[in-house]
Amino acid sequence: MNQIVGYKLWPKAFPGESRGGYLLRMAERNGARGLAHFGRPFNLRPSQMVILGPEQVIPVLRGLPYSTEWLSWRPQDLGRALSVAGGTLRSRVCPVCIGSDPEPYLRSVWEMPLGCFCEKHLVWLQDHCEVCGRVLSLNRRSIAFCNCGASFASFSAVPVSTWAVTMLEIFIKAGDPARSATFALSTSTERNAGRLLR
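Draft legend 1. Representation of the overall build of the chain. In terms of helices and strands, the chain carries 8 helices and 2 strands. Helices and strands appear in the chain in the N-to-C order α-α-α-α-α-β-β-α-α-α. Counting the 198 residues in the chain, one finds 38% classified as buried. Sequence separation of 24 or more characterises 61% of the internal contacts of the chain that already satisfy a separation of 6 or more. Per element, the accessible surface of the chain, about 11100 Å² overall, is 58% carbon and sulfur.

Draft legend 2. Inspection of the confidence of the model for the chain at higher detail. Put simply, the chain has an average pLDDT of 78, and 71% of its residues get 70 or more. Between residues 179-184, whose pLDDT stays under 50, and residues either more than four places distant or in other chains, the model counts 6 contacts.

Draft legend 3. Looking closely at unusual backbone geometry. Of note in the backbone geometry, Asn 43 takes a positive phi value of approximately 60° without being a glycine. On the basis of relative accessibility, which here comes to 56%, the residue Asn 43 falls in the exposed class. Residue Leu 122 is not a glycine yet carries a positive backbone phi of 55°. Checked against the element boundaries, Leu 122 lands in the loop between strand E1 (117-118) and strand E2 (123-124).

Draft legend 4. Quick peek at a positive patch on the surface. Taken together, the side chains of Arg 33, Arg 40, Arg 134 and Arg 141 make up a positively charged region of the molecular surface. Among the secondary structure elements, Arg 134 is positioned in the loop between E2 and helix H6 (162-172). Under the relative-accessibility criterion, Arg 134 is labelled partly exposed at 45%.

Draft legend 5. Spotlight on the pattern of salt bridges. Inspection of every chain in the model, using the stated rule, returns 5 salt bridges. Between Glu 17 and Arg 25 there is a salt bridge, and its shortest N-O distance comes to 2.8 Å. Residue classification places Arg 25 among the buried positions, given a relative accessible area of 3%. With a closest N to O distance of 3.9 Å, Asp 127 and Arg 90 form a salt bridge. With a gap of 37 residues between them, Asp 127 in the loop between E2 and H6 and Arg 90 in the loop between helix H4 (75-84) and helix H5 (95-100) connect regions that are remote in the sequence. Given a relative accessible area of 44%, Arg 90 falls into the partly exposed group.

Draft legend 6. Up close: the packing of aromatic side chains. Going through the model one piece at a time under the given rule, you end up with 4 aromatic pairs. A centroid spacing of 6.1 Å and a plane angle of 85° characterise the contact between Phe 117 and Trp 124, whose relative ring orientation is edge-to-face. Taking relative accessible area as the criterion, Trp 124 reaches 22% and is therefore assigned partly exposed. These aromatic residues form a ring-pair network of at least three members: Phe 117, Trp 124 and Trp 163. We note Arg 107 situated over the ring of Tyr 105; from NZ or CZ to the ring centre the distance is 3.9 Å.

About the cut-offs
Residues numbered from 1 in each chain as written. Predicted model: local features only at pLDDT ≥ 70, side-chain atom pairs only at ≥ 80, totals over all residues. Heavy atoms only, no water. Helix = DSSP H or I, 4+ residues; strand = E, 2+ residues; numbered from the N terminus. Buried < 20%, exposed > 50% of the residue type's maximum accessible area, 1.4 Å probe, protein only. Contact = heavy atoms within 4.5 Å. Areas by Shrake-Rupley, 256 points an atom, 1.4 Å probe, with all protein chains shown as cover. pLDDT = per-residue confidence, 0-100. Patch = residues over 30% accessible without salt bridge, like charges linked within 9 Å, V, L, I, M, F, W, Y side chains within 5 Å. Salt bridge = Lys/Arg side-chain N within 4 Å of Asp/Glu carboxyl O. Lys, Arg positive; Asp, Glu negative; His and termini not counted. Charge placed at Lys NZ, Arg CZ, Asp CG, Glu CD. Phe/Tyr/Trp six-rings, centres within 6.5 Å; stacked < 30°, edge-to-face > 60°. Lys NZ or Arg CZ within 6 Å of the ring centre and 35° of its normal.

Shown next, in the form of C-alpha coordinates:
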(Lines give C-alpha, C1' and ligand atoms only; values in the text may rest on other atoms or scores of the structure.)
Protein backbone atom coordinates (compact mmCIF):
# COMPACT_ATOMS: atom_id res chain seq x y z
CA MET A 1 0.00 0.00 0.00
CA ASN A 2 1.26 3.48 -0.85
CA GLN A 3 1.64 5.84 2.13
CA ILE A 4 1.85 9.07 0.08
CA VAL A 5 -0.96 11.56 0.65
CA GLY A 6 -2.80 12.05 -2.63
CA TYR A 7 -3.98 15.01 -4.68
CA LYS A 8 -7.14 16.85 -3.63
CA LEU A 9 -8.64 18.73 -6.61
CA TRP A 10 -10.86 16.51 -8.79
CA PRO A 11 -13.49 18.48 -10.69
CA LYS A 12 -15.95 16.64 -12.92
CA ALA A 13 -14.98 15.69 -16.45
CA PHE A 14 -16.57 17.71 -19.23
CA PRO A 15 -18.92 15.90 -21.65
CA GLY A 16 -16.76 14.43 -24.43
CA GLU A 17 -13.48 15.15 -22.61
CA SER A 18 -10.64 12.78 -23.49
CA ARG A 19 -9.22 10.49 -20.80
CA GLY A 20 -5.66 11.77 -21.17
CA GLY A 21 -6.88 15.35 -21.43
CA TYR A 22 -8.82 14.98 -18.18
CA LEU A 23 -5.71 13.68 -16.42
CA LEU A 24 -3.63 16.54 -17.84
CA ARG A 25 -6.25 19.07 -16.69
CA MET A 26 -6.19 17.51 -13.21
CA ALA A 27 -2.38 17.63 -13.14
CA GLU A 28 -2.50 21.33 -13.99
CA ARG A 29 -5.25 21.93 -11.40
CA ASN A 30 -3.17 20.27 -8.69
CA GLY A 31 -0.03 22.28 -9.50
CA ALA A 32 1.87 19.46 -11.21
CA ARG A 33 4.10 20.27 -14.18
CA GLY A 34 2.53 17.72 -16.55
CA LEU A 35 1.54 14.06 -16.41
CA ALA A 36 5.07 12.82 -15.65
CA HIS A 37 5.31 15.10 -12.59
CA PHE A 38 1.70 14.28 -11.62
CA GLY A 39 2.28 10.52 -11.50
CA ARG A 40 5.88 10.49 -10.26
CA PRO A 41 5.08 10.26 -6.49
CA PHE A 42 3.08 7.11 -7.25
CA ASN A 43 5.54 5.60 -9.77
CA LEU A 44 3.07 6.15 -12.62
CA ARG A 45 4.32 6.92 -16.12
CA PRO A 46 2.20 9.10 -18.44
CA SER A 47 1.61 6.13 -20.76
CA GLN A 48 0.38 4.01 -17.84
CA MET A 49 -2.05 6.73 -16.81
CA VAL A 50 -3.48 7.07 -20.33
CA ILE A 51 -3.83 3.28 -20.74
CA LEU A 52 -5.47 2.77 -17.36
CA GLY A 53 -7.66 5.86 -17.62
CA PRO A 54 -9.07 8.05 -14.87
CA GLU A 55 -11.23 5.27 -13.43
CA GLN A 56 -8.18 3.30 -12.27
CA VAL A 57 -5.68 6.13 -11.86
CA ILE A 58 -7.71 8.54 -9.71
CA PRO A 59 -7.83 6.24 -6.65
CA VAL A 60 -4.04 5.89 -6.86
CA LEU A 61 -3.49 9.64 -7.16
CA ARG A 62 -5.83 10.26 -4.23
CA GLY A 63 -3.54 8.12 -2.09
CA LEU A 64 -5.98 5.22 -1.65
CA PRO A 65 -4.74 1.61 -1.36
CA TYR A 66 -4.12 -0.02 -4.75
CA SER A 67 -2.63 -3.09 -6.40
CA THR A 68 0.94 -2.65 -7.66
CA GLU A 69 0.75 -5.37 -10.35
CA TRP A 70 0.81 -2.93 -13.30
CA LEU A 71 3.69 -0.89 -11.89
CA SER A 72 6.10 -3.56 -13.16
CA TRP A 73 5.15 -3.09 -16.84
CA ARG A 74 8.22 -2.74 -19.05
CA PRO A 75 8.43 0.23 -21.48
CA GLN A 76 7.91 -2.04 -24.53
CA ASP A 77 4.78 -3.52 -22.89
CA LEU A 78 3.46 0.00 -22.25
CA GLY A 79 3.87 0.93 -25.91
CA ARG A 80 2.03 -2.20 -27.06
CA ALA A 81 -0.76 -1.71 -24.53
CA LEU A 82 -1.08 1.95 -25.50
CA SER A 83 -1.52 1.11 -29.19
CA VAL A 84 -3.93 -1.78 -28.47
CA ALA A 85 -6.00 0.48 -26.20
CA GLY A 86 -6.18 3.04 -29.00
CA GLY A 87 -4.49 5.56 -26.77
CA THR A 88 -1.65 7.87 -27.56
CA LEU A 89 0.36 10.54 -25.83
CA ARG A 90 0.14 12.65 -28.99
CA SER A 91 -2.36 15.45 -28.83
CA ARG A 92 -4.36 17.65 -31.18
CA VAL A 93 -6.12 20.91 -30.39
CA CYS A 94 -8.65 23.21 -32.00
CA PRO A 95 -7.28 26.71 -31.46
CA VAL A 96 -10.81 28.17 -31.56
CA CYS A 97 -12.16 25.77 -28.90
CA ILE A 98 -9.13 26.29 -26.65
CA GLY A 99 -9.51 30.06 -26.98
CA SER A 100 -13.26 30.14 -26.39
CA ASP A 101 -13.73 27.53 -23.63
CA PRO A 102 -14.29 29.08 -20.18
CA GLU A 103 -11.97 26.30 -18.97
CA PRO A 104 -10.05 24.70 -21.85
CA TYR A 105 -10.25 20.93 -22.22
CA LEU A 106 -9.31 18.29 -24.80
CA ARG A 107 -12.07 16.45 -26.65
CA SER A 108 -11.93 12.68 -27.13
CA VAL A 109 -13.03 13.11 -30.77
CA TRP A 110 -9.77 14.99 -31.41
CA GLU A 111 -7.87 11.77 -30.62
CA MET A 112 -9.68 9.67 -33.23
CA PRO A 113 -7.34 8.64 -36.08
CA LEU A 114 -9.58 10.22 -38.73
CA GLY A 115 -10.61 13.16 -36.56
CA CYS A 116 -8.38 15.77 -38.15
CA PHE A 117 -10.61 18.85 -37.87
CA CYS A 118 -13.00 20.42 -35.40
CA GLU A 119 -16.57 19.68 -36.45
CA LYS A 120 -17.87 22.66 -34.47
CA HIS A 121 -15.59 25.34 -35.95
CA LEU A 122 -14.63 23.58 -39.22
CA VAL A 123 -10.93 24.29 -38.78
CA TRP A 124 -8.01 21.84 -38.97
CA LEU A 125 -6.78 20.50 -35.63
CA GLN A 126 -3.21 21.48 -34.76
CA ASP A 127 -0.78 18.71 -33.78
CA HIS A 128 2.47 20.72 -33.80
CA CYS A 129 3.42 23.92 -32.02
CA GLU A 130 3.50 26.84 -34.46
CA VAL A 131 6.30 28.48 -32.43
CA CYS A 132 8.79 25.73 -31.53
CA GLY A 133 7.67 23.06 -34.02
CA ARG A 134 7.37 20.27 -31.42
CA VAL A 135 4.71 17.59 -31.77
CA LEU A 136 1.96 18.24 -29.23
CA SER A 137 1.92 15.64 -26.49
CA LEU A 138 -0.23 14.97 -23.45
CA ASN A 139 3.07 15.00 -21.57
CA ARG A 140 3.07 18.80 -21.35
CA ARG A 141 2.50 21.27 -18.52
CA SER A 142 -0.78 22.82 -19.63
CA ILE A 143 -3.98 22.11 -21.56
CA ALA A 144 -3.82 25.49 -23.33
CA PHE A 145 -0.07 26.07 -23.77
CA CYS A 146 2.91 24.33 -25.32
CA ASN A 147 5.91 23.72 -23.05
CA CYS A 148 7.65 26.56 -24.93
CA GLY A 149 4.96 28.95 -23.63
CA ALA A 150 3.01 29.39 -26.90
CA SER A 151 -0.75 29.69 -26.44
CA PHE A 152 -2.74 27.23 -28.55
CA ALA A 153 -5.50 29.86 -28.78
CA SER A 154 -3.12 32.03 -30.81
CA PHE A 155 -2.48 29.29 -33.40
CA SER A 156 -3.83 29.72 -36.92
CA ALA A 157 -7.42 28.59 -37.38
CA VAL A 158 -7.15 27.17 -40.90
CA PRO A 159 -10.57 26.50 -42.47
CA VAL A 160 -11.30 22.93 -43.51
CA SER A 161 -11.75 22.12 -47.20
CA THR A 162 -15.15 20.94 -48.39
CA TRP A 163 -13.69 17.58 -49.43
CA ALA A 164 -12.57 16.88 -45.82
CA VAL A 165 -16.08 17.43 -44.49
CA THR A 166 -17.41 15.12 -47.21
CA MET A 167 -14.88 12.42 -46.30
CA LEU A 168 -15.94 12.69 -42.64
CA GLU A 169 -19.54 12.14 -43.66
CA ILE A 170 -18.63 9.13 -45.79
CA PHE A 171 -16.13 7.32 -43.55
CA ILE A 172 -16.64 8.34 -39.97
CA LYS A 173 -20.39 8.78 -39.97
CA ALA A 174 -21.01 5.65 -42.06
CA GLY A 175 -22.25 3.81 -38.96
CA ASP A 176 -24.92 6.42 -38.25
CA PRO A 177 -28.26 4.56 -37.76
CA ALA A 178 -29.96 7.07 -40.07
CA ARG A 179 -27.73 5.81 -42.90
CA SER A 180 -27.98 2.07 -42.22
CA ALA A 181 -31.09 1.63 -44.38
CA THR A 182 -29.32 3.25 -47.33
CA PHE A 183 -25.97 1.49 -46.87
CA ALA A 184 -25.59 0.35 -50.48
CA LEU A 185 -27.13 3.49 -51.98
CA SER A 186 -24.88 6.45 -52.59
CA THR A 187 -26.01 9.91 -51.58
CA SER A 188 -25.48 13.02 -53.67
CA THR A 189 -22.67 13.98 -51.28
CA GLU A 190 -20.94 10.64 -51.90
CA ARG A 191 -21.36 10.96 -55.67
CA ASN A 192 -19.85 14.49 -55.54
CA ALA A 193 -16.96 13.21 -53.41
CA GLY A 194 -16.33 10.46 -55.95
CA ARG A 195 -16.14 13.07 -58.71
CA LEU A 196 -13.61 15.06 -56.67
CA LEU A 197 -11.38 12.01 -56.29
CA ARG A 198 -11.25 11.21 -60.02
